[in-house]
Amino acid sequence: MNVVVLLGAPGAGKGTQAPLLAARLGVPVIATGDLFRAAVRDGTPLGVEARRYMDAGQLVPDEITVKLLLERLARPDAAAGVILDGFPRTAGQAEALDAALAERGTRVGAALLVDVPADELVRRLSGRWICRAAGHPYHEVSSPPRAAGVCDLDGSELYQRTDDQPATIRARMDQQLGALSQVIEHYRASGVLRTVDGLQPIEVVSNALGAELAAAGVVVAG
Ligand code: AMP
């Protein structure tokens, strides 16, 4: 099982890079943020609980998050491997993942950090708009849609996530950068951390991530 962890602060470009990496590896992306948003939309008890934290720009507690992730990891389409986007976000989550993978006789093959300075992250997040239908990302300045407020790819409405509104961004950033640094240290200590400069153009970042995977010995499809 190829388990690749994609690490980066909110706005580092993980959401853009994850599907590109998934295509290279031929495995699905599991994004806990998407799983939570689906649970909120479906109004499940877990979604109702998670929403309180999400709207406040806080991390959902580890107990809830780990349960959600492990359930998703157990589905058949994840058997050959996965790209994890947005998980683990705390040292506790990283340890829980290690333990779950050890039970299956495997481990994280690579933890890829998309590195972007904090000021640039705030600038990126405050202009981010997402389509309702599929979450396709746009940016007011760096990648605007052809028609304002409408997704180029599927025509659905663009919206700004509650937690992407400027007041929430700094709170989110302060909390999450602290936790992220613990996760980075976790993977540095286990020797699987690899860092890519996230200020480069999308394709350059994507190729650099692919090269790091190959260097880590993670099998790349095709
Ligand atoms: P994202 O789409 O990855 O930015 O996630 C959106 C929100 O979902 C986050 O701000 C958190 O409230 C919650 N969330 C997603 N993944 C995690 C995680 N691994 N641990 C805790 N909370 C998470």
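Above this text is the structure in question.
Predicted model only: the values in this text are computed from it and were never measured.

J.: Tell me what's going on with the packing of aromatic side chains, and back it up with residues and numbers.
T.: Tallying each qualifying case throughout the model produces 0 aromatic pairs. Its guanidinium or amino end placed over the ring of Tyr159, Arg132 lies 4.3 Å from that ring's centre, counting from NZ or CZ.

J.: Account for the environment of Asp85, naming residues and giving values.
T.: One can find Asp85 in strand E3 (residues 81-85). Contacts of Asp85, omitting those with residues within four sequence positions, involve Leu6, Lys14, Gly15, Ala18, Val29, Ile30, Ala31 and Thr32.

J.: Describe the site of the ligand, and please don't skip the residues or the numbers.
T.: Near the ligand lie 17 residues; those nearest to it are Thr32, Gln58, Gly86, Arg89 and Gln93. Between an oxygen atom of the ligand and a side-chain N or O atom of Arg37, the distance comes to 2.9 Å. Protein contact buries 95% of the 480 Å² of open area that the ligand shows by itself. Among the elements that take part in the shell around the ligand, helix H2 (residues 32-42) stands out by supplying 4 residues, more than any other. Taken together, the residues of the shell around the ligand break down into 5 nonpolar, 7 polar and 5 charged.

The rules behind the values
Residues numbered from 1 in each chain as written. Predicted model: local features only at pLDDT ≥ 70, side-chain atom pairs only at ≥ 80, totals over all residues. Heavy atoms only, no water. Phe/Tyr/Trp six-rings, centres within 6.5 Å; stacked < 30°, edge-to-face > 60°. Lys NZ or Arg CZ within 6 Å of the ring centre and 35° of its normal. Helix = DSSP H or I, 4+ residues; strand = E, 2+ residues; numbered from the N terminus. Contact = heavy atoms within 4.5 Å. Near = heavy atom within 4 Å. Polar contact = N/O pair within 3.5 Å; in protein donor to acceptor, adjacent residues only side chain to side chain. Areas by Shrake-Rupley, 256 points an atom, 1.4 Å probe, with all protein chains shown as cover. Nonpolar A, V, L, I, M, F, W, Y, C, P; charged D, E, K, R; others polar.

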